[in-house]
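So the chains spell out like this:
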Amino acid sequence: GDSVTQTEGQVALSEEDFLTIHCNYSASGYPALFWYVQYPGEGPQFLFRASRDKEKGSSRGFEATYDKGTTSFHLRKASVQESDSAVYYCALGSSSSFSKLVFGQGTSLSVVP
Amino acid sequence: EAAVTQSPRNKVAVTGGKVTLSCNQTNNHNNMYWYRQDTGHGLRLIHYSYGAGSTEKGDIPDGYKASRPSQENFSLILELATPSQTSVYFCASGARNTGQLYFGEGSKLTVL
């Protein structure tokens, strides 16, 4: 079945550091790919999506590019802030139904001043 | 602003007892979902619904039932709760085929 793998379980950075969170997927066809963010005590929130090869999604300074060749959708931000501390989830919606999402394990980001 | 409300927010249940988690959305979305969140597993889909009267099994449906009596309401039912069902449960709604889900704040369930 479809699956999403996030390599890092936890990431610790200082403010203004560059962020990369790796996301790789396994699915047939052309799935849609998503990033969600979850702040402490809240439910996950949609960050952005991409639905075709080479498409870049972006929001709030975060960005990711859909790469079908490497089956990846890595999250990047040039300069993180303490307020970015949260759990980040990569997700996949199959090409037959974007309604049913499969989520990765999540990556907990901690940013210290 | 999209709104999904879950109740109860915290629940302690005994093994073998019945638990009902409720969810209400005011987004007028067709689709609703129940996920559970566990460290190391992320979010896993239990049941979902495409509209009133419909329920579908997700990836981990065993031990759970769902009910969608109306567009606004979606319940998750544990008929015989077990300690392995101790988790945080999230309800979400979404418009058809967008993948953009709106989540509630979660319900923490502890089964003793």
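Residues numbered from 1 in each chain as written. Chains lettered and ligands numbered in written order. Predicted model: local features only at pLDDT ≥ 70, side-chain atom pairs only at ≥ 80, totals over all residues. Heavy atoms only, no water.

**Some thoughts on the interface of chain A and chain B**
1) Next: Across the contact, 19 residues belong to chain A and 22 residues belong to chain B.
2) Next: Both faces considered, chain A and chain B share a buried interface measuring about 1600 Å² in area, 50% of it formed by carbon and sulfur atoms.
3) Next: The largest share of the area that chain A buries against chain B comes from A:S99, A:K100 and A:F103, three residues that together contribute 34% of it.
4) Next: Linking chain A to chain B there are one salt bridge.
5) Next: The closest approach of N and O atoms between B:D59 and A:K100, which form a salt bridge, is 3.8 Å.
6) Next: Our enumeration of links across chain A and chain B arrives at six residue pairs in polar contact (both at pLDDT 80 or more).
7) Next: Elements with a minimum of two residues in the side of chain A that touches chain B: β5 (32-38), β6 (45-50) and β11 (97-103) of chain A.
8) Next: The biggest single contributor to the side of chain A that touches chain B is β11(A), with seven residues.
9) Next: Classifying every residue of the side of chain A that touches chain B gives nine nonpolar, seven polar and three charged. (Contact = heavy atoms within 4.5 Å. Buried area = accessible area lost by both parts, 1.4 Å probe. Salt bridge = Lys/Arg side-chain N within 4 Å of Asp/Glu carboxyl O. Polar contact = N/O pair within 3.5 Å; in protein donor to acceptor, adjacent residues only side chain to side chain. Helix = DSSP H or I, 4+ residues; strand = E, 2+ residues; numbered from the N terminus. Nonpolar A, V, L, I, M, F, W, Y, C, P; charged D, E, K, R; others polar.)

**Thoughts on the state of the cysteines**
1) Next: Scanning the entire structure with this criterion turns up two disulfides over all chains.
2) Next: At a sulfur-sulfur separation of 1.9 Å, the disulfide partner of A:C23 is A:C90. Because the sign of the S-S torsion sets the handedness, a value of about -65° for the bond joining A:C23 and A:C90 places this disulfide among the left-handed ones. Of this pair, A:C23 sits in strand β4 (residues 23-26) while A:C90 sits in strand β10 (residues 86-94), placing them 67 residues apart in sequence. An identical accessibility class is assigned to A:C23 and A:C90; each is buried.
3) Next: Each sulfur of the disulfide joining B:C23 and B:C91 lies 1.9 Å from the other. With the S-S bond torsion at -80°, the cross-link from B:C23 to B:C91 turns out left-handed. Here B:C23, found in strand β3 (residues 19-25), pairs with B:C91, found in strand β9 (residues 87-94); they are 68 residues apart in sequence, far enough to count as distant.
4) Next: The class of B:C91 is buried, set by a relative accessible area of 0%. (Disulfide = S-S within 2.5 Å. Buried < 20%, exposed > 50% of the residue type's maximum accessible area, 1.4 Å probe, protein only.)

What is shown is where atoms sit, not what they do.
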